[in-house]
Each structure stands twice: as C-alpha cells, then as structure tokens.
There are 2 protein chains.
Amino acid sequence: MLKIAIDVMGADNGVAPIVEGVLQALKAKEFAAVIVGDEAQIAPLIPSKLKGRVEILHCTDYIRMEESASSATKRTESSIFKATELLKEGAVDALVSPGHSGATMSLATLKIGRIKGVSRPAICTTMPNITDMPSIILDAGANTDCKSEYLVDFAIMGYEYAKNVIGFENPRVGLLSNGEEDNKGNELTKATFKLLKPFAFFKGNVEGRDIFNGSVDVIVCDGFSGNLVLKASEGVAFAITSVMKEEIKSCICSMFGALFLRGVFRRLKKKMDHSEYGGAPLLGVQKVVIISHGSSNARAIECAIYQALHALESDICAKLTAVFASKADTQKD
Amino acid sequence: MLKIAIDVMGADNGVAPIVEGVLQALKAKEFAAVIVGDEAQIAPLIPSKLKGRVEILHCTDYIRMEESASSATKRTESSIFKATELLKEGAVDALVSPGHSGATMSLATLKIGRIKGVSRPAICTTMPNITDMPSIILDAGANTDCKSEYLVDFAIMGYEYAKNVIGFENPRVGLLSNGEEDNKGNELTKATFKLLKPFAFFKGNVEGRDIFNGSVDVIVCDGFSGNLVLKASEGVAFAITSVMKEEIKSCICSMFGALFLRGVFRRLKKKMDHSEYGGAPLLGVQKVVIISHGSSNARAIECAIYQALHALESDICAKLTAVFASKADTQKD
C-alpha cells in the first residue's frame, strides 16, 4: 500500500483542516498516511476505524511563514525536516506539505536531490480555464531568476507531467511572453525561444490571457513571472466576486435574481476554485513532493493527496529520469 | 483652444469607431481635432456643424500591426509619422493613437524626445480595482528589459501622474514583486527596492493581487512583467464572464434570474471596463502622447481624448521636467 507523509504543521489555519483533508482522502482511496506534527493535536482527530492506516510522527517544531527558507536545513526537529527524511529513507512514497513552501523546496532539493540532468526543480501549478481540461504553468515560484536552460527543462518536465499525470495525449507547450509573435519577449524568453524551437511540442510564444483560454496546455516561464500572473489572476477573480456581491446586495431586486443563479455561482466557483486541483508538484526532484497552499482547506489537501497518488501511479519521477538521461545522451552525441 | 491630433489609421476595426469617438469628445468638450488619415474615409463622417473644429490631415499609409516598430522612422508618409510631426512642430498640443503602439513609442521617443533625466519613457496603464479610485501600473509594456534605475524613474513619473493628473493627494507607490516582504524579489526588483527606499512615497513590495485591491495607487514594474499581468488579468475576467454566460444559458431558471441582475452586470462591466479609462499615456516624453488599444471602441477613444486634455491642463510634462531637473541637481550635490 502506498504511504504518504503529510506535514500538518505550519499551515495558516492550524492542524485541524489539514488532518480533515487526510481523513477524507483515506475514506476515498487505498493508501496509508504518516501525519507529521504535534501528536496531542492530531491523535484526538483520528477516528478509531482509520487508526490502522494512520501513523503519527510526533514533533512540535515547524518553520514559521515569516522565517527564511535557509533556516530549514538546520532545524532537524521541525516537521518538514522529519517529513522529508521519511521520504528520503523510503519510509513513505510521497510528501504533501501546506507549510512554508520555501523550506519544503530547499529540503526536497537538498535531501531528496534533483533528477540527474534537471538544472532546477520547478513548481507546477494547475490553472482553471474555459475548456474542460486545466492548463499547467511552471515555474510558479521556485526560481525567481532563471537562465534559458532552466526554462527548457521546465518545458520538458511540464510536457511529461501533462502527458503522464494529467492525461493530455499531445500536450502543447507555450512560452509566456509579451506577445505571440516569434520576435516578442525579453532577453530571457528570446534566448529560450531559440532553444525550444526544435521541440515538436513547442507552440511558440503565448500571452498572459492564454493561461485561461486553453490555447496551450503547458505554460513555461520563470518563477518570478509565474508568481506575478498567478497572484494577479487571483486578485482579478477576487475583485470581480467582491464587486458583484456588493452590487447584488445593493438592491432587493438583484438579491431576488441571484437566488436563481445560486447553481451558476456554485458551478463557476467549482470551475475556478484552486482547491479542486490540490497542490503543486515540485517537478525535477527524485521523489513526489506536493506543495500545498498555506491556506488550504480540507478539500485542497484531499485533492493534493490524490495528486500525489496519481503522480506515484504514473511513475512520473522515473519517466523524468529516463527523459533527462536520454537528453544528456543526445547532447553528448 | 487646445488642439489634439488623432491617428485614425491602423486600428483593429478601421476608421469609423475612432472618428466616432473623436466626434463624441468634440460634442462634450472644448477643443479642436486634427484627424490624421484617409480623407475619403474620414470626411463623410464629420457632421457639418463640427467641421469648424476638425481638420483632416490626409494620408493613406500606416504601420500595420504585424510590421516591426523600427520601420516607422522611415515611413515618412505614414499616419503616425505625420501625427508625431504635428506634435513636434507644435501644430497640436497632444497626440492620441490606437495604431501600432511600438511605432507610436519609437516615433514619440525619437522625434519628441525624452524629458531630460528620464532614462526610459514608460506606458502608464490605469487599472480598475475594488475601491472607487483606480490604480496605475507602469511600465505596461514599453521596455521589456529594464535596469533598476529605469524602475526608479517609472516610480517618480507614476507618483507625479497619480498626484497631478488623477488627483491622488499622496499617492502610494509599490514595487511589483513575488512577495510583500522586503527581501522578496528577483535581482532587478531587489536592486530597485534599495534605490526606492529613501522615497517617502514608496510603500515597499506588492504582489500581483495588490493591483486590484487598492493597497497602493501606483504599481511599478518592468514592461515585460507589466504586460504579463495585464494580459493575464484580462484573460481571467474574460474566462469568468464566458463561463458565467454559458452556465446562465444552460438553464431557463438562471436565465430568468439573470434578468434581475442586468443592472449588476452592467455596473460590474462599467467598473471593470478599460474603455472608461481611455488609453495609456507614454510618460517621460516631452509632450502628451496617449497610446490607445488597437481594438478601442468609440467610448475608449473619447476617454483617451479627455485623458489628453486632462494631462495638458495639469501640465504634467512641465512638472515632470522640473522634478527630473531637481533630481539631477540632488545627484550632483
């Protein structure tokens, strides 16, 4: 039975919603969980009938959001350090963490190690769009300053993930730029464009709006840009919802109309809701690591666990290892 | 009477909506227009009672969207070349163009010239947000690769524009980054942060979502990042509207409810609609140049003209000239 470690410390809303997400996943899927965190808080939440599939690895220290990621390597008693060790030793098959994402990345990269040939691991975030299939964007924040070779590796990893884990038959990869024309871009993307051109999956430059219209399946960018567009997108969605709510409340007539639209709003929320996609895999490390948002609710954690199981079943790490090994061979020739 | 040149060639939907916007503005405000473009198409659209306030400068050549901006300087018979010459000679006070924005920028920078001390002109775009005041973001696309000194100039220009033209009493300026903490950012923004720290208007790093929540009034970034977040934001807004429309249409019950929400949707559209803000000034050149979207409707052009008039009345170019002159003096000391 697959075994997944979940670091339940350091999330924005405490231990309870994270543990609840684990329990929901345990009820739905066949796997065992190692919950890493404060036993006194966790144990009372585990129902007796699930106890056989849950281990608790007790620890109380964790990396606070305001702490720097670099301190993580020294904090050997922290939850993320212990969870990463479990993964390193092979005591678990995958790791899900809604804690300090910088700490998770550092420890995963240092202790688990990069796949040979991958220049930098990247955070791969799933985005809703107007089609029935989501798109993925990477790097969503692991590497603020990138070289063009990193972006090529992100493209390869994104393609393989979209194909093997999400299930696209022939994922189309686009390079995020300030225009669709081949000559658009900054120095980084122009250099990357040239390197990506030989790949059959590469569909050229795409713009910010293409993240949401399904014109490509994988969007490649540096981690700084990825973070900007993700946060801006969240901001717009939040602004539209707030203004609409306020406008609806301002008149009894529209409040009445809104009653008939409850289903529409619910389906819209479900389609645009990040929780449904769980977390973001850190692609390029040798084992499955899923980084979840610090504010994850139970549903988001549940989905992040499914994502981890899915990644394990698809054997994505072995596939990436093979792809980058053959890439190295080609370059040697 | 102030005189404004409008390049009506090269917009996405032809001459008619642009001319219509000019006419709407002429009816509402006291100014004279020089319409630059194909007389055969323009003349029939001008009603006789407005003829006294409209001149037509005939030309048929224009820079196509797919042409490179660099060709603009050689195309001496093109509409944007002629319009820029009018501005340079002082035959008009300001220029509005929905044509090729790269061509407009190149010609404005080369022929009108930069304000002394400004490292690079920047496109300054007005953004809707959840508060009653908009925010502005610059650079929205003029400079894909920036140095930190450019971003400092953008901050100063944005501050002055927000204060003198939009009417903020004490505009707050933020630096677009991948986190709010002082140590967040890429190499460019970290270096910029240090340079901006001494300015009283500088409120530190902001994230993509802060563009829409009113936490600062002016958002500074390089032109590549600015373009990405603007286009991503448009993409999200479009995706939400599309999904909502489709969902509403899928059920008679929600179609009925939507009837009661027409006012809400209309006000939401008005609040989130770019047309209401007109175009984007190119700040840092010696005269008023407003760059409008190629797909501008009549209302957007009308508002872009008001924006030009407003910029002229506030004497923003003279103010920027004075600020950058005193900045140079301070640096000499």
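Everything discussed here concerns the structure shown above.
In this text, all values refer to a predicted model and were calculated from it rather than measured experimentally. The residue count restarts for each chain, going from 1 along the sequence in the order it is written. Ligands are numbered from 1 and chains lettered from A, in the order in which they are written. For this predicted model, a pLDDT threshold of at least 70 governs which residues receive local features, and a threshold of 80 or more governs which side-chain atom pairs are given and counted, while totals over whole chains, interfaces and linings are taken from all residues. Only heavy atoms go into the side-chain values, all of them from the structure, while hydrogens and water stay out.

Visitor: I tried to follow the interface of chain A and chain B on my own but got confused; where do I start?
Guide: Many structure descriptions define interface size as the accessible area lost when the parts assemble. Whether two residues are in contact is decided by their heavy atoms: any pair within 4.5 Å suffices. Contacts between chain A and chain B engage 48 residues on the former and 48 residues on the latter. When two parts are put together, the accessible area they lose, computed with a 1.4 Å probe and summed over both, is reported as buried area. Note on chain A versus chain B: buried area summed over both sides is about 4600 Å², and carbon and sulfur give 74% of it. When a carboxyl oxygen of Asp or Glu lies within 4 Å of a side-chain nitrogen of Lys or Arg, that pair is called a salt bridge. Applying the counting criterion to the chain A and chain B interface returns four salt bridges. Ionic pairing is found between K231 of chain A and E207 of chain B, a salt bridge with its closest N-O pair at 2.3 Å. Distance and chemistry together define a polar contact, namely a pair of N or O atoms within 3.5 Å, with one atom able to donate a hydrogen and the other to accept it when in protein, and with adjacent residues in sequence counting only for side-chain atoms on both sides. In this assembly, chain A and chain B are joined by eight residue pairs in polar contact (both at pLDDT 80 or more). Counting from the N terminus, the helices are DSSP H or I runs at least four residues long and the strands are E runs at least two residues long. The set of elements that each furnish at least two residues to the side of chain A that touches chain B consists of α6 (187-196), α7 (223-249), α8 (252-259) and α9 (262-272) of chain A. If you tally residues by element for the side of chain A that touches chain B, the top one is α7 of chain A, at 19 residues. Residues belonging to the side of chain A that touches chain B are distributed by class as follows: 24 nonpolar, 15 polar and nine charged. Ten residues, namely Ala, Val, Leu, Ile, Met, Phe, Trp, Tyr, Cys and Pro, are considered nonpolar, four, namely Asp, Glu, Lys and Arg, are considered charged, and the remaining ones, Gly among them, are considered polar.

Visitor: Sorry if this is basic, but what is going on with the sheet that holds strand β11 (residues 288-291) of chain A here?
Guide: Adjacent strands of a sheet pair through backbone hydrogen bonds, lying either parallel or antiparallel. Residues and elements named next belong to chain A. Between any two strands, at least two bridges found by DSSP are needed for them to pair. Strand order in the open sheet formed by eleven strands is β3-β2-β1-β4-β11-β10-β5-β6-β9-β7-β8, and the pairing between neighbours is mixed. A strand with exactly one partner marks an edge of an open sheet, and here the two such strands are β3 (54-58) and β8 (202-206). Sheet twist, expressed as the mean angle between neighbouring strand axes with direction ignored, is 25 degrees. In terms of strand pairing, strand β10 (residues 280-283) meets β11 through two bridges, oriented antiparallel. Each bridged residue has a counterpart across the sheet, and for P281 the counterpart in β11 is I290. Packing against the sheet, helix α1 (residues 15-28) makes contact with β1 (3-7), β2 (32-37) and β3, and its axis sits at approximately 175 degrees to β2. Fitted lines through C-alpha atoms give the axes, limited to the stretch in contact for helices. The angle between two N-to-C directions lies from 0 to 180 degrees.

Visitor: What am I meant to see in the pattern of salt bridges here?
Guide: Pairing is possible between side chains that carry opposite charge, provided their charged atoms lie close to one another. Taken as a whole and judged by the stated rule, the model has 26 salt bridges over all chains. Salt-bridge contacts for E234 of chain B lead to R209 of chain A; the nearest nitrogen and oxygen are separated by 3.2 Å. Placement of the pair is E234 of chain B in helix α7 (residues 223-249) and R209 of chain A in the loop between β8 and β9 (218-220), with the two residues belonging to separate chains. Classification of residues uses two cut-offs on accessible area relative to the type maximum, computed with a 1.4 Å probe and protein chains only: under 20% is buried, over 50% is exposed, and between them is partly exposed. A relative accessible area of 28% places R209 of chain A in the partly exposed class.

Visitor: Would you mind showing me how to read the packing of aromatic side chains here?
Guide: Geometrically, a pair of aromatic rings is defined through the distance of the ring centres and the angle of the planes. Any Phe, Tyr or Trp ring, taking Trp's six-membered ring, that has another such ring centre within 6.5 Å forms a pair; planes under 30 degrees apart are called stacked, those over 60 apart edge-to-face, and the others tilted. Taken as a whole and assessed by the stated rule, the structure comprises six aromatic pairs over all chains. Aromatic side chains Y159 of chain B and F201 of chain B sit 4.7 Å apart centroid to centroid with 25 degrees between the ring planes, which places their arrangement in the stacked category. Taken together, the residues Y159 of chain B in helix α5 (residues 148-166) and F201 of chain B in the loop between α6 (187-196) and β8 (202-206) connect sequence positions 42 residues apart. F201 of chain B matches Y159 of chain B in its accessibility class, with the two residues each being buried. Pairwise contacts between aromatic rings join Y159, F199 and F201 of chain A into one cluster.

Visitor: Got a minute to help me understand the pairing of strand β1 (residues 3-7) of chain B in this structure?
Guide: Residue and element names in this part refer to chain B. The element β1 is extensively covered by neighbouring structure, given that four of its five residues are classed as buried. In terms of strand pairing, β1 meets strand β2 (residues 32-37) through five bridges, oriented parallel. Within the sheet, the bridge partner assigned to I4 lies in β2 and is A33. The parallel pair β1 and β2, bridged by helix α1 (residues 15-28), forms a crossover whose chirality is right-handed. Here three bridges tie β1 to strand β4 (residues 94-97), and the two strands are oriented parallel to one another. Counterpart to I4 in the pairing with β4 is A94. Here is how to tell: hold the view so the strands point away, follow the path from the first strand over the helix to the second, and if it runs clockwise the crossover is right-handed.

Visitor: Would you mind going over the relation of the copies chain A and chain B with me for this structure?
Guide: Superposing the two chain copies requires a rotation about an axis and a translation along that axis. In the superposition of chain A on chain B (RMSD 0.0 Å, axial shift 0.0 Å), the rotation amounts to 180 degrees. A rotation of that kind, with that shift, is consistent with a two-fold axis. The C-alpha atom lying nearest the rotation axis in chain A is that of G257 of chain A; the distance is 2.0 Å. Here the copies were fitted onto each other by least squares, based on C-alpha atoms from residues at pLDDT of at least 70 in both.

Visitor: Please explain the state of the cysteines as it appears in this structure.
Guide: As used in these notes, a disulfide is a covalent bond between sulfur atoms, one from each of two cysteines. When the sulfur atoms of two cysteines come within 2.5 Å, that pair is taken as a disulfide. Counted under the stated rule, the structure contains zero disulfides over all chains. The thiol of C317 of chain B is unpaired, and the distance to the nearest cysteine sulfur, on C124 of chain B, comes to 12 Å.

Visitor: Any chance you could explain the nonpolar core here in plain terms?
Guide: Proteins that are soluble and globular tend to have nonpolar side chains buried together. Counting 98 residues, the largest nonpolar core has I211 of chain A together with I211 of chain B as the members making the most contacts within it. Sequence-distant contacts of I211 of chain A, that is, excluding residues within four places in its chain, are made with M127, P128, N129, S135, I137, L176, I219 and V229 of chain A together with A232 of chain B. We call a set of buried Ala, Val, Leu, Ile, Met, Phe, Trp, Tyr and Cys residues a nonpolar core when their side-chain atoms join them within 4.5 Å.

Visitor: Please explain a nonpolar patch on the surface as it appears in this structure.
Guide: Residues forming no salt bridge and having over 30% relative accessible area are the ones grouped into patches, like charges within 9 Å of each other and nonpolar side chains (Val, Leu, Ile, Met, Phe, Trp, Tyr) within 5 Å. Per-residue and other accessible areas follow the Shrake-Rupley method at a 1.4 Å probe size, with only the shown protein chains counted as cover for residues. Taken together, the side chains of F256 and L259 of chain A together with F256 and L259 of chain B present a nonpolar region at the surface, about 370 Å² in accessible area. When contributions to the nonpolar patch are tallied by element, the ones reaching two or more residues are α8 of chain A together with α8 (252-260) of chain B. For F256 of chain A, the location among the structural elements is in helix α8. The class for F256 of chain A is partly exposed, based on a relative accessible area of 38%.

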